[in-house]
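# Chains, contacts and geometry: an overview
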Amino acid sequence: MNCDEATTLLHALLDNELDAGHAREVEAHIAGCPACTAEFAAQRDMKRVLADTNLRYAAPASLRARIEASLPQPQRQPSRRSVLRSFAMGSAVSALAASGVVAVVLRQDDQQRILSEVVSAHLRSLQAGHLTDVISTDQHTVKPWFNGKLDVAPPVIDLTAQGFTLVGGRLDYIDARAIGAVVYRRRQHVINLFVSQTSSTEHRAPQTETMQGFNCRRWGNRGLNFWAVSDLGADELAEFVDKFETAMKANVEG
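Now for a look at the structure at hand. (Residues numbered from 1 in each chain as written. Predicted model: local features only at pLDDT ≥ 70, side-chain atom pairs only at ≥ 80, totals over all residues. Heavy atoms only, no water.)

### Thoughts on the overall build of the chain
Looking only at helices and strands, the chain features seven helices and seven strands. N-terminal to C-terminal, the α/β element order of the chain is α-α-α-α-α-β-α-β-β-β-β-β-β-α. Within the chain, buried positions represent 38% of all 254 residues. Across the chain, contacts joining residues at least 24 apart in sequence account for 61% of those joining residues at least 6 apart. (Helix = DSSP H or I, 4+ residues; strand = E, 2+ residues; numbered from the N terminus. Buried < 20%, exposed > 50% of the residue type's maximum accessible area, 1.4 Å probe, protein only. Contact = heavy atoms within 4.5 Å.)

### Regarding the sheet that holds strand S3 (residues 177-186)
Spatially, the seven strands line up as an open sheet ordered S1-S2-S3-S4-S7-S6-S5, and their pairing is antiparallel. Both outer strands of the open sheet, strand S1 (134-135) and strand S5 (204-211), are each paired with one neighbouring strand and no more. Pairing of strand S4 (residues 189-197) with strand S7 (residues 224-230), which is carried by seven bridges, proceeds in the antiparallel orientation. Across the sheet, Leu193 pairs through a bridge with Ala228, a residue of S7. Seen against the sheet, helix H6 (residues 139-146) touches S1, strand S2 (165-174) and S3 and runs at an angle of roughly 15° to S2. (Pairing = 2+ DSSP bridges. Axes fitted to C-alpha atoms, helices over the stretch in contact; angles between N-to-C directions.)

### Quick look at the pattern of salt bridges
In this structure the tally under the stated criterion is nine salt bridges. The salt bridge partner of Asp175 is Arg113, with a shortest N-O separation of 3.0 Å. Here Asp175, found in the loop between S2 and S3, pairs with Arg113, found in helix H5 (residues 80-125); they are 62 residues apart in sequence, far enough to count as distant. Residues Arg218 and Glu209 are paired through a salt bridge, measuring 3.0 Å at the closest nitrogen-oxygen approach. Assessed through its relative accessible area of 23%, Glu209 is described here as partly exposed. In this structure, a network of salt bridges that share partners links the residues Arg186, Arg187, Glu236, Glu239 and Lys243. (Salt bridge = Lys/Arg side-chain N within 4 Å of Asp/Glu carboxyl O.)

### Focus: the pairing of S5
Where S5 lies against strand S6 (residues 214-221), six bridges are found, and the strand directions are antiparallel. The residue of S6 that forms the bridge with Thr208 is Arg217. Where S5 folds back on S6, the antiparallel hairpin that results is connected by two residues, among which Gln212 adopts a positive phi of roughly 55°.

### Considering the nonpolar core
One finds Leu159, Tyr184, Leu193, Phe226, Phe240 and Phe244 to be the most contacted residues of the largest nonpolar core, which totals 26 residues. Elements with a contribution of two residues or more to this core: H6, S3, S4, S7 and helix H7 (234-253). Looking at this core element by element, the count peaks at six residues for H7. One finds Leu123, Ile174, Phe194 and Phe214 within the second-largest nonpolar core, a separate group that totals 15 residues. (Core = buried A, V, L, I, M, F, W, Y, C linked by side-chain atoms within 4.5 Å.)

### Here's the deal with the pairing of S6
Along S6, seven of the eight residues are buried, which leaves the element largely enclosed by surrounding structure. The sheet contact formed by S6 and S7 spans seven bridges and is antiparallel. Of the residues in S7, the one forming a bridge with Asn215 is Ser230. Taking the residues that link successive antiparallel strands as the turn, the S6-S7 hairpin has two residues, and the phi of Arg222 there is positive, at about 55°.

### Observations concerning the environment of Gln162
Secondary-structure assignment places Gln162 in the loop between H6 and S2. Exposure remark for Gln162: the relative accessible area of 33% places this residue in the partly exposed category. Leaving out residues up to four positions away in the same chain, Gln162 has contacts with Arg186, Glu239 and Lys243.

### A short note on the environment of Lys243
Its location among the elements puts Lys243 in helix H7. Residues Lys243 and Ile157, spaced 86 residues apart in sequence, show a C-alpha to C-alpha distance of 9.9 Å. Residues within four places of Lys243 in sequence aside, it is in contact with Leu159, Gln162 and Phe164.

### Focus on H6
One side-chain oxygen at the N-terminal end of H6 lies 2.9 Å from the backbone nitrogen of His140; it belongs to Asp138. Positive backbone phi, at 85°, marks Gly148, one or two positions downstream of H6. (Polar contact = N/O pair within 3.5 Å; in protein donor to acceptor, adjacent residues only side chain to side chain.)

### Thoughts on the side chain of Ser136
Within the secondary structure, Ser136 is located in the loop between S1 and H6. In this structure Ser136 comes out as buried when scored by relative accessible area, which is 14%. A distance of 3.0 Å separates the side chain of Ser136 from the backbone nitrogen of Asp138, its partner in a polar contact. Setting aside anything within four residues of it in sequence, one finds Ser136 in contact with Thr141, Val142, Leu166, Val167 and Gly168.

Okay, structure coming up:
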């Protein structure tokens, strides 16, 4: 077992998720490798710190305040005659305009709420025993594991050759429903790729947002919504998404 393989399995060893054979292999490697020994000690310390940390996230400003701030400010009181003259057409136009503003604010608020849930799920996964339900660097092991657990299994792609190691997968819950999370690692950085089904089949270009110190790159394609979350830099996370999209396109066309 080399250092790259051992590093991928350190979290699983720490959380007692490995079978006896793999656990002995990792422990034997750690015993003879000072670098992996130090890394294992650092991860053990992080586990202890996270267990004592309150990871609850405070929601953003209330929806009511955002809607009120988006509505036009009251103007000078119009005369009774002008009100009567424009009532028929003006009331209809005002209703349409107000509903449009509310729809935009609601959509933006919903996107922020889901982003908050995705980041919270990423934080939960970093706690002991939460990162993976199935551990494997083989996409042909991880992808079938999702079958029967979700309406649509998330695409699982091996990007090891491109510098992003597949670690495994798990079920998570976003927006009150079960979705798939495929886990990758870039050096010591965890990347959670959350995937959910959507009725829209249009391609939505990737966009990056930052919340609680984590970068989140979200996009949509082929009836699926994707959120890639990590403490990686924005450039490296964008590189991950580009390589994932390219590989997924090649798989579909192939």
